[in-house]
Structures are given as structure tokens and as C-alpha cells.
Amino acid sequence: MKTSDFDYHLPEELIARYPLTNRDDSRLLTCFDQMIQHTSFREIVGFISSKDLVVFNKSAVIPARLFGHKETGGKVEVFLERLSEKNKAIVQLKSSTKVAEKQVIKFNYDGKIFTASVLSKNDGFYETQWNANPAELFERFGVTPLPPYLNRDAEPTDKDRYQNVYADPAKKLSVAAPTAGLHFSQDLLQAIQDLGANVANVFLHVGSGTFKPVKADNIADHKMHSEFIEVNKETIQKINQVKSSGGKVIAVGTTTLRALESVFATGQNEYYGETNIFISPGFDFKAVDILLTNFHQPKSSLLMLVAAFVGYSTMKKIYAEALEQQYRFLSYGDAMLLEKA
């Protein structure tokens, strides 16, 4: 299939640049048996039974943006991609002039000078060596990494709202939120628990590549970015038990789905490592039965994932309906609950 097959016109006014006052005030589009219906997110509990398993990605967002200067005085924006060992980090750098290898970037915070030295560049990312623990620096001084398509600076409220209420604070390793979970309030989580539904957790630490557009003309030529996942034995056991008892596996977000399908594709009973799984039409789903997700960008790998899950023609109908009904799109937007075709 062609990347152009996944293009559509997204009006600027439908991009949700700010979250709603209450997390669970979002609208919810549902598609079961290829029938599209419209409801509110609070009604999601009506689509979950005590037999089902709801799986969350508990990876937390690290404040991934820092602002520094070159030795010549030029400003540099540093966007974290991944922390490495021995005070190293993989980052993206934004500057008015080219950043060269061995360049030193200086940061002045709390009256102290911190530095990051550029070691190498590869595919738009820079490996950097820091004179202090970069994880601590980003956590203390970093700015919430809002997606570029929101086209605004982060504000104080984003620190809380661009983070899932169930995110694990000990796992601040994502540079973008697993946004399907942003709709859940503590009350909704309690309602799911009260149903008696099973719950499990995974970790997929989201990289900035999640915003990388598909540039290949043919989607088969697209190279997916790599991200680190953690899926334990207990989660795999729960999935197998639920499926054997006639229940459904509900993935909260494309990151959760990608983590689970990565493990089931290997046949392993747990997995801690990298995945660059690219899910597009024709993919054989082995783990997930129902997907909760937001509305995605045109020509994105996530839109291709949705098409694989519900079928290309159904995906087109869903998006045409969402546009007509003026749903709110992208990270702070509304959600959809989809049954696997």
C-alpha cells in the first residue's frame, strides 16, 4: 500500500491544543461489528466485562526538553530521546546553526553550569556525554515535551495533564505520553476495578520517533523506530487465561498493543528489550482483541496500525465520521474504542 492511501485533511480547528477540564469528559467513538456509535468516555465501563483484561502502559513522561547555549553563545534546544549508561544520552538538537561533533553545550541552572558534549550524530540523533547525571537534570529542570503538532509552549498545567494518572513515577523514561490513557480519571479506574475486570500493566518507553512521519512512498519500505519494552510473565499468563475463558484483551493505547504483539510474535513468555514492530494492513494480531486509542495524524504509522486492526475501509469510515462529527484530534483529543476485524 502507498503512504498516500493514509492521507486525509485534518482541519486545524479539530486539533485539541489543550486538554479538557476533566480527563473523562472526552467523547468516545466506538466501532463494534463495523457499526460506529458515539458516546462519552465515562461510558467505557459499559464495554468491559468481568471476563476481560484491560492492559495499561505505565511508562511515565520525563520532562524531556532543556535549553542551553553553545560556547559561542548560540541557543540550543535539547530534546531527550533516550538515557544511556555512564551519563550519556541520545538527544535531538535544535539550533539556528549546525551543531558539530565535539561541540559543548552549556546549561545554567540554579547558578551552576552543566555541560553536554556531542560525541557523534546518527540519523538525526546525537550521542552526548554529560558532566552530571542527565536523568536528574531533565527531571529537575526539563520542560514537558508536548508534541510538535500542538504548536505551543508547555504550560504549568501540562506537567500534570500530559501524564497518565496511573503512570509509574519510578519509570520516567518516555518522551511522549501514551495518550490513550490520558482520558482515565481515578474514578474510572475504580469503576473498572469494581466491575471485577482483570488488569495488567506493561511498559513501552515512548521515543520521539512516534512523531516521525512515514516518508517512504510504499509503506513496506518504512523503517520503524526502536523503543524499549517490558512485559512480564504475569501479564502474558493473564492474557492466556482470559482468552481461554472467553474474555477479551483490551489494550489501552497503540503503545500497549505494540508491546503485547511484539512479545506474542516471538512466542516468549516475557520480554525485556527493544521492539521496532511496524503494524500495517495484513498484520496477524495474536494478543489484542479491543483497542482504545486517540485519533492520529495523516500518513502516520499509528493510522496504519488502526487500519490493520479494523480493516482499511472501516478505518476510512471511522475517520470520515469523526471529522464530520467534529471530534477533537491528536494527543489531547477524544478517543475511539475499536474491535478487531
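Before reading further, recall that the structure is shown in the block above.
First, a word on what this report is: a plain description of the structure on this page. (Residues numbered from 1 in each chain as written. Predicted model: local features only at pLDDT ≥ 70, side-chain atom pairs only at ≥ 80, totals over all residues. Heavy atoms only, no water.)

Turning our attention to the overall build of the chain. The helix and strand tally for the chain stands at 7 helices and 17 strands. For the chain, the C-alpha radius of gyration of 20 Å lies close to 20 Å, the compact-globule estimate for 341 residues. Projected onto its principal axes, the C-alpha positions of the chain cover 60 × 40 × 40 Å. Residues classed as buried in the chain amount to 52% of the 341 residues present. By sequence separation, contacts in the chain at least 24 residues apart represent 72% of the contacts at least 6 residues apart. For the chain, the distance from the average position of its 39 positive side-chain charges to the average position of its 40 negative side-chain charges is 5 Å. (Helix = DSSP H or I, 4+ residues; strand = E, 2+ residues; numbered from the N terminus. Rg over C-alpha atoms; globule rule 2.2 N^0.38 Å. Buried < 20%, exposed > 50% of the residue type's maximum accessible area, 1.4 Å probe, protein only. Contact = heavy atoms within 4.5 Å. Lys, Arg positive; Asp, Glu negative; His and termini not counted. Charge placed at Lys NZ, Arg CZ, Asp CG, Glu CD.)

This brings us to the nonpolar core. Tyr162, Leu257, Leu260, Phe295, Ile318, Tyr319 and Phe329 are the most contacted members of the largest nonpolar core, which has 64 residues in total. In terms of nonpolar packing, the next biggest core, distinct from the first, is built from 24 residues, Leu80, Ala89, Ile105 and Phe138 among them. (Core = buried A, V, L, I, M, F, W, Y, C linked by side-chain atoms within 4.5 Å.)

The two faces of a sheet get side chains in turn, since along a regular strand they alternate between them. Pairing of strand 3 (residues 53-57) with strand 12 (residues 198-205) involves 5 bridges; the strand directions are parallel. Each bridged residue has a counterpart across the sheet, and for Asn57 the counterpart in strand 12 is Val202. Sheet topology note: the strand 12/strand 13 (residues 227-231) ladder contains 3 bridges and is antiparallel. Across the sheet, His205 pairs through a bridge with Phe228, a residue of strand 13. (Pairing = 2+ DSSP bridges.)

Turning to the side chain of Gln163, a few remarks are in order. Within the secondary structure layout, Gln163 lies in the loop between helix 2 (158-161) and strand 11 (172-174). Dropping the residues within four chain positions of it, Gln163 is found in contact with Arg23, Ala60, Val61, Lys172 and Leu182.

For the rest of this paragraph, the subject is the pairing of strand 6 (residues 75-83). Two elements, strand 5 (residues 65-70) and strand 6, share 5 bridges in a ladder whose sense is antiparallel. Paired with Gly68 across the bridge in strand 6 is Val76. Hairpin connection between strand 5 and strand 6: a loop of 4 residues separates the two successive antiparallel strands, and Gly73 in this loop has a positive phi of roughly 105°. Bridge count between strand 6 and strand 7 (residues 88-95): 7 bridges; the pairing is antiparallel. The residue of strand 7 that forms the bridge with Val78 is Leu93. What sits between the antiparallel neighbours strand 6 and strand 7 is a turn of 4 residues, in which Lys86 has the positive phi angle 55°.

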